[in-house]
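Coordinate analysis (summary)
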Amino acid sequence: MPRVLSGIQPSGQLTLGNYIGAIQNFVKLQETHECFFMVVDLHAITVPQEPAALREQTESVAALFIAAGIDPAKASVFAQSHVAAHAELGWLFTTLAYMGELERMTQFKDKSNGKDSVGAGLFVYPTLMAADILMYNADLVPVGDDQKQHLELTRDLAARFNQRYGDMFTIPEPYIPKVGARIMSLDDGTKKMSKSNPNPGSYIALLDPPDVIRKKISRATTDSGREVQFNPAEKPEVSNLMSIYSHCAGITLEEITARYEGQGYGAFKKDLAEHVVAKLEPLQQRYAEIRSSGEIHQILKQGAEQVSGIAEKTLRDAKERMGFLLPR
Ligand code: AMP
Ligand code: TRP
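Here the structure is a predicted model, which is why all the values come from computation and not from measurement.

UniProt's entry tags residues 10-18 with the feature "short sequence motif: 'HIGH' region" (unreviewed entry), counted in the numbering of this structure. Split by type, residues 10-18 is 33% helix and 0% strand. Its first and last C-alpha atoms lie 12 Å apart.

Here we come to the site of ligand 1. Surveying the vicinity of ligand 1 reveals 17 residues, the closest of which are G144, D146, I183, M193 and K195. A distance of 2.8 Å separates an oxygen atom of ligand 1 from a polar atom in the backbone of G144. One nitrogen or oxygen atom from the main chain of I183 is found 2.7 Å from a nitrogen atom belonging to ligand 1. Protein chains shield 94% of the accessible area of ligand 1, which is 480 Å² for the free molecule. Mapping ligand 1 onto the cavity grids shows that it belongs to the largest pocket. Tallying contributions element by element places helix α1 (residues 16-29) first for the shell around ligand 1, with four residues.

L16, I23, F65, L206 and V276 are the most contacted members of the largest nonpolar core, which totals 59 residues. Beyond its immediate stretch of four places on either side in the chain, F65 contacts I8, I23, F26, F37, M38, V39, I70 and V77. Listed in part, the 39 residues of the second largest apolar core include F93, A138, L157 and A311.

To continue, consider the site of ligand 2. Around ligand 2 sit 13 residues in total, of which Q9, Y125, M129, D132 and Q147 are the nearest. A distance of 2.7 Å separates an oxygen atom of ligand 2 from a polar atom in the side chain of Y125. Separating a nitrogen atom of ligand 2 from a side-chain N or O atom of D132 is a distance of 2.7 Å. Protein coverage of the free-state accessible area of ligand 2, which is 370 Å², stands at 92%. Taken atom by atom, the bulk of ligand 2 overlaps the largest pocket. If you list the elements that add at least two residues to the shell around ligand 2, you get β1 (3-8) and α7 (120-135). The element best represented in the shell around ligand 2 is α7, accounting for four residues.

What counts and what doesn't
- Residues numbered from 1 in each chain as written.
- Chains lettered and ligands numbered in written order.
- Predicted model: local features only at pLDDT ≥ 70, side-chain atom pairs only at ≥ 80, totals over all residues.
- Heavy atoms only, no water.
- UniProt positions renumbered as here; feature names shortened; annotations may be inferred.
- Helix = DSSP H or I, 4+ residues; strand = E, 2+ residues; numbered from the N terminus.
- Near = heavy atom within 4 Å.
- Polar contact = N/O pair within 3.5 Å; in protein donor to acceptor, adjacent residues only side chain to side chain.
- Areas by Shrake-Rupley, 256 points an atom, 1.4 Å probe, with all protein chains shown as cover.
- 1 Å grid on protein atoms, 1.4 Å probe; cavity = no way out; pocket = protein on both sides within 12 Å on 5 of 7 lines; lining within 4 Å.
- Sits in = over half its atoms within 2 Å of the grid points.
- Core = buried A, V, L, I, M, F, W, Y, C linked by side-chain atoms within 4.5 Å.
- Buried < 20%, exposed > 50% of the residue type's maximum accessible area, 1.4 Å probe, protein only.
- Contact = heavy atoms within 4.5 Å.

So this is what it looks like as structure tokens:
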């Protein structure tokens with residue numbers, strides 16, 4: 001079975017963007033692939049995290065994976081820091097990467113822009129991500145659009161290792177949804193919806209209560225027109241709301257346009273809010289059950305046990321090829 005790997009950082013409330021761009025595909029792919037889904041806590045600390053919040057968020061993201069439909073009997077769900085080989089293989093790839101290629105990463109440029117002190121971890125972040133993916137020889141990596149560049153670097157690093165030390169790593173392919181790879185912010189149709197945006201009105205968190213969702217959508221920015229039409233260049237905000245509608249209601253963009261012809265944005269937004277609420281309701285209910293049962297600790301433990309044999313073998317092979325004297 002081909003392999004799939006992806007990860008999400010426990011660095012804030014997961015949003016509808018994470019769900020549509022990534023998690024929804026995780027759930028689909030587990031039926032046809034051998035899957036590895038990680039809570040990437042080592043990545044989260046590339047920006048400062050409050051210890052108690054990091055712990056809580058790690059548990060919360062893992063529980064959201066399960067609540068969204070990832071089945072621990074089909075996929076391995078684990079915390080990155082529970083498998084020590086990630087940090088070590090990450091270091092090996094850090095030594096293979098060039099400053100120049102890391103400096104070109106747009107996520108690094110965005111996150112460091114205007115700051116006087118920038119953590120070194122933020123700079124080498126993509127080499128740890130490469131280690132995550134290559135560790136399990138993943139064939140496919142389901143991510144949103146913003147991770148495409150990191151995946152290209154992963155491919156380059158894999159090829160560089162293979163060329164220097166002999167073929168070992170699979171070159172992975174990105175798996176990016178056609179619609180919804182970049183869900184935009186509710187207050188600005190040119191910025192991606194992000195859990196790190198200081199304005200909570202800019203995103204819908206997966207755990208937002210129904211009334212909060214209704215309020216956020218009713219206040220979402222639109223434009224001075226009244227046609228519900230998909231045109232990201234000229235109507236970025238309305239187009240974004242249409243993508244969300246399409247995903248949550250399971251109908252096409254054309255059907256949405258037809259449904260609201262001549263009605264303006266009011267009716268469209270009102271219905272959209274109900275579709276989002278209905279989509280998230282079962283997820284929120286399962287989330288509450290999983291959290292109160294405490295079962296997430298067992299799921300993470302089992303996940304780490306399932307993958308650690310593969311991870312240790314990859315690390316050992318890579319070290320042997322690179323010339324480390326292995327303990328005998
Ligand atoms: P992060 O929240 O940065 O850990 O991202 C986790 C996953 O969600 C990655 O695959 C991202 O590409 C994806 N993602 C994050 N924000 C969005 C968004 N606004 N639209 C689509 N996908 C997203
Ligand atoms: N960098 C990814 C993000 O911010 C998270 C991540 C870490 C990841 N390791 C990964 C994604 C491996 C896919 C595969 O969204």
